[in-house]
Amino acid sequence: MGKITPPDILARKKKGPKISTVTAYDYPTGKLADDAGIDVVLVGDSLGMVCLGYPDTVSVTMEEMLHHTKAVSRGVKTALIVADMPFLSYQVGVEEAIRNAGRFLKEGRADAVKLEGGVSQADKAAAIVRAGIPVMGHIGLTPQTATQLGGFKVQGKDTRAALSLMEDAKALCEAGVFSIVIECVPASLSSRITSQIPVPTIGIGAGGGCDGQVLVFHDMTGLFDRFTPKFVKKYCDAGAPIKEALKRYKEEVESGSFPGPEHQF
Ligand code: KIV
């Protein structure tokens, strides 16, 4: 199967099937997602929390994102690779936004970038698209500006907020994005947005009416235990057997039963 492209993702809005997206942060997670046939691999800035131990995504830098995007790219052959633009890599101005987005393609070998914000960042999205770089939008709960939103809360709950989210989605479509992540909004609202815009929506905590879904790799595989949002389904609990294996290894090193004769030269 050939490499998945932004037009392929766009076409799924009409043709289906729904778009599977998962985050990845390095060679093995990228390769696992790709080998499983996932459509879109997102090098999310959730990297800051699940891999780098930051309390949130605000501190994540361009250099950190690039370092991890390069590793993911080496492990992915087929899936579309989307790199998340970190906080303040695009908000300051159009030129800086284009330059940083370009670095993800030139240095990171990503296929597209994602940025957070609707109406407020549509000028940056449009400029990046005009520069020839495919852009995925991200609206609803936008973790980089969660403090301004009053915390990690469901967005678009009243009429005014719902209308504003619809405006955000439409502004991004006009900017030329090929898809939009909708995070933490009522299922009825994301279904309405999905039916009113021409590009696929990819939901996280946004119900089943979106054109696709995204989950954080470490959440869905049980590798991150600091907290688990309500919208996460844990498909396995990989953390527990890994911890068990490490304990057994420690015991065997201490007792001298590892390495056995078969592991020696
Ligand atoms: O950084 C990330 O992982 C994301 C997804 C939650 C959409 O932006």
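Relevant structure appears above.
A brief structural summary.

## Describing the sheet that holds strand β1 (residues 19–23)
Move 1: Pairing is parallel in the closed barrel, where eight strands are placed in the order β1-β2-β3-β4-β5-β6-β7-β8. Averaged over all neighbouring strand pairs, the angle between strand axes comes to 25 degrees, with direction disregarded.
Move 2: As defined by bridge partners, strand β7 (residues 201–204) adjoins strand β8 (residues 212–215) across two bridges and the pair is classed as parallel. What sits directly across from Gly-203, in β8, is Gln-213.

## Regarding a nonpolar patch on the surface
Move 1: On the surface, a cluster of nonpolar side chains totalling about 270 Å² of accessible area is made up of Leu-223, Ile-242 and Leu-246.
Move 2: Structurally, the position occupied by Leu-223 is in the loop between α9 (217–220) and α10 (239–255).
Move 3: Of the residues examined, Leu-223 reaches a relative accessible area of 36% and is grouped as partly exposed.

## Considerations on the site of the ligand
Move 1: Around the ligand, the neighbouring residues are Thr-23, Leu-42, Gly-44, Asp-45, Ser-46, Asp-84, Lys-114, His-138, Val-181, Ile-204 and Val-216.
Move 2: Separating an oxygen atom of the ligand from a side-chain N or O atom of Lys-114 is a distance of 2.9 Å.
Move 3: Relative to its unbound accessible area of 260 Å², the ligand is 95% covered by the protein chains.
Move 4: Taken together, the residues of the shell around the ligand sort by class into four nonpolar, four polar and three charged.

## Some thoughts on α10
Move 1: When the terminal C-alpha atoms of α10 are compared, their 24 Å separation across 17 residues agrees well with the 24 Å that a helix rising 1.5 Å per residue should span.
Move 2: Where α10 terminates, the next one or two residues include Gly-256, which has phi positive at roughly 85 degrees.

## Details of the nonpolar core
Move 1: Grouped together as the largest cluster of nonpolar side chains are 53 residues, with contacts concentrated most on Met-85, Phe-104, Val-113, Ile-128, Ile-180 and Ile-193.
Move 2: A total of seven residues in this core trace back to one element, the largest contributor, which is helix α7 (residues 159–175).
Move 3: Once residues within four sequence positions are removed from consideration, Ile-193 is found in contact with Leu-165, Met-166, Ala-169 and Ile-182.
Move 4: Judged by nonpolar contacts, the second largest core, of 14 residues, contains Ile-4, Leu-42, Ile-202 and Val-214.

## Things to note about the environment of Glu-174
Move 1: Relative to the helices and strands, Glu-174 resides in helix α7.
Move 2: Along the backbone, Glu-174 and Asp-26 are 148 residues apart, and their C-alpha atoms lie at a distance of 33 Å.

## Thoughts on the pairing of strand β3 (residues 80–84)
Move 1: Buried residues dominate β3, accounting for five of its five residues.
Move 2: Across four bridges, the pairing between strand β2 (residues 40–43) and β3 is parallel. Paired with Leu-42 across the strands is Val-82, a residue of β3.
Move 3: Relative to strand β4 (residues 112–114), β3 is paired through three bridges, and the arrangement is parallel.

Reading the values: the criteria
- Residues numbered from 1 in each chain as written.
- Predicted model: local features only at pLDDT ≥ 70, side-chain atom pairs only at ≥ 80, totals over all residues.
- Heavy atoms only, no water.
- Pairing = 2+ DSSP bridges.
- Helix = DSSP H or I, 4+ residues; strand = E, 2+ residues; numbered from the N terminus.
- Axes fitted to C-alpha atoms, helices over the stretch in contact; angles between N-to-C directions.
- Patch = residues over 30% accessible without salt bridge, like charges linked within 9 Å, V, L, I, M, F, W, Y side chains within 5 Å.
- Areas by Shrake-Rupley, 256 points an atom, 1.4 Å probe, with all protein chains shown as cover.
- Salt bridge = Lys/Arg side-chain N within 4 Å of Asp/Glu carboxyl O.
- Buried < 20%, exposed > 50% of the residue type's maximum accessible area, 1.4 Å probe, protein only.
- Near = heavy atom within 4 Å.
- Polar contact = N/O pair within 3.5 Å; in protein donor to acceptor, adjacent residues only side chain to side chain.
- Nonpolar A, V, L, I, M, F, W, Y, C, P; charged D, E, K, R; others polar.
- Expected span 1.5 Å × (residues − 1).
- Core = buried A, V, L, I, M, F, W, Y, C linked by side-chain atoms within 4.5 Å.
- Contact = heavy atoms within 4.5 Å.

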